[in-house]
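Structure assessment
In case you want the letters, here they are:
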Amino acid sequence: MARLQLPYLPPSSITSESVWQSRRQCLAQLGFGALGLTASKYLGAAEQVAATEVALTDKTSLFQAPRNVRYSVDDTLTSFEDISSYNNFYEFGTGKGDPARYAPAMKTRPWTVSIEGEVMRPRTFDIDDLLKLAPLEERVYRLRCVEAWSMVIPWSGYPLAKLLAQVQPTNNARYVEFVTALEPEVMPGVHTRILDWPYVEALRIDEAVHPLTLLVFGVYGKPLPNANGAPLRIAVPWKYGFKSAKSIVRIRLLEKQPLTSWTKAASREYGFYANVNPDVPHPRWSQATERIIGSGLFARRVPTRMYNGYGDQVASLYSGMDLSRYY
Ligand SMILES: Nc1nc2c(c(=O)[nH]1)N[C@H]1C(S)=C(S)[C@@H](COP(=O)(O)O)O[C@H]1N2
Ligand SMILES: [Mo]
């Protein structure tokens, strides 16, 4: 018997009556009576395929979250192609193309995230439960890398505060630390000593529960590509990009400020706060302007803004701090 080719059916139309009809017609054209034995077997298989596709569609739609305009900027979006192919994820190498090349080998299921330390209810969450903890929303955030380039990214996620509320931080909890997965078999970069692995970042607790601090699961209405930190990372848009740890496996609430990876590697160059500040240069380059990724051959440079343009919302967190000082 000749092998049947399933007609291509876009997942979005899978349940529609017209598709169903056309599938029957298609079967008829292939020479099967729609009600014949072989055909009904085939239809059974087709239904199974349809069921899988529907399941995938449901999962995908989870990431197609409504945009929260309150926390979105209206700058021109960086393309999905640029966002997912020009990355910093040193576990996979220091080249901008290395994460897209090597990170797909990392398995993101099963995946658990443990939340521990200064909490009343330490817990380990399965990624698929975490995804359902709060409704996802889309937020268009600026991302300003300490290397003086920037992107504008439509993330899907929910505020980190929603997760922290689940574990009930104790009164001693003053910092939140994020630890990235360490998988030497699939991470060529961790065999070098650029950083002390695993990648560790942290925020002060008031920064961590700030409504802008987003726990991110998706981008452009789809699950995060591994290169962008699947299955979950954070996004802290008023700080240099390195503060936003990717592919997180552990979150620890701490009383004392932890030593984070980049500060440990070069404390003179990468401070704990790392708030975007055009007036405080990196020891080796100016932070006054930034190159917009994807703006063509003659990349556009624009002035960098204090707190990456989020000053209205976050400046009060730092009142009393000497901003001319390097943190
Ligand atoms: N685990 C881990 N997280 C990381 C990094 C990294 O090397 N490892 N790089 C950081 C830096 S420097 C930046 S600019 C952003 C880049 O995020 P993106 O590649 O999704 O744009 O991720 C941050 N998070
Ligand atoms: Mo960065």
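Details of the structure are given in the entry above.
Residues numbered from 1 in each chain as written. Chains lettered and ligands numbered in written order. Predicted model: local features only at pLDDT ≥ 70, side-chain atom pairs only at ≥ 80, totals over all residues. Heavy atoms only, no water.

**A look at the site of ligand 1**
- Among the 16 residues in the neighbourhood of ligand 1, the closest are listed as Asn 87, Tyr 90, Glu 91, Ser 244 and Lys 246.
- The separation between an oxygen atom of ligand 1 and a polar side-chain atom of Asn 228 is 2.9 Å.
- Separating an oxygen atom of ligand 1 from a side-chain N or O atom of Arg 233 is a distance of 3.0 Å.
- Protein coverage of the free-state accessible area of ligand 1, which is 530 Å², stands at 98%.
- Among the detected pockets, ligand 1 sits in the largest pocket.
- Here the residues of the shell around ligand 1 are counted per class, giving 7 nonpolar, 6 polar and 3 charged. (Near = heavy atom within 4 Å. Polar contact = N/O pair within 3.5 Å; in protein donor to acceptor, adjacent residues only side chain to side chain. Areas by Shrake-Rupley, 256 points an atom, 1.4 Å probe, with all protein chains shown as cover. 1 Å grid on protein atoms, 1.4 Å probe; cavity = no way out; pocket = protein on both sides within 12 Å on 5 of 7 lines; lining within 4 Å. Sits in = over half its atoms within 2 Å of the grid points. Nonpolar A, V, L, I, M, F, W, Y, C, P; charged D, E, K, R; others polar.)

**Observations concerning the pairing of strand 2 (residues 123–126)**
- Taken together, the 4 bridges between strand 1 (residues 112–117) and strand 2 define a ladder with antiparallel strand orientation. Note that in strand 2 the partner of Thr 112 across the bridge is Asp 126.
- With antiparallel pairing between neighbouring strands as the criterion, strand 1 and strand 2 make up a hairpin whose turn holds 5 residues. (Pairing = 2+ DSSP bridges. Helix = DSSP H or I, 4+ residues; strand = E, 2+ residues; numbered from the N terminus.)

**Focus on the sheet that holds strand 5 (residues 175–180)**
- Pairing is mixed across the open sheet formed by 5 strands, whose spatial order is 2-1-10-5-6. Each of the sheet's edge strands pairs with one partner strand only, and the pair in question is strand 2 and strand 6 (200–204). Between one strand axis and the next, the sheet turns through 15 degrees on average, direction left out of account.
- With 5 bridges connecting them, strand 5 and strand 6 associate as antiparallel partners. When the sheet's bridge partners are listed, Val 179 is paired in strand 6 with Val 200.
- Those strands touched by helix 6 (residues 160–167) are strand 1, strand 2, strand 5 and strand 10 (248–254), and its axis lies near 135 degrees from that of strand 2. (Axes fitted to C-alpha atoms, helices over the stretch in contact; angles between N-to-C directions. Contact = heavy atoms within 4.5 Å.)

**Details of unusual backbone geometry**
- Omega for the peptide link from Arg 109 to Pro 110 comes to -10 degrees, which places this bond in the cis form.
- As for its position among the elements, Pro 110 is in the loop between helix 4 (98–102) and strand 1.
- Of note, the bond from Trp 197 into Pro 198 is cis; its omega dihedral lies within 30 degrees of zero at -5 degrees.
- The residue Pro 198 is located in the loop between strand 5 and strand 6 in this model.
- One non-glycine residue, Tyr 220, adopts positive backbone phi at about 50 degrees.
- As for its position among the elements, Tyr 220 is in the loop between strand 7 (214–219) and strand 8 (222–223).

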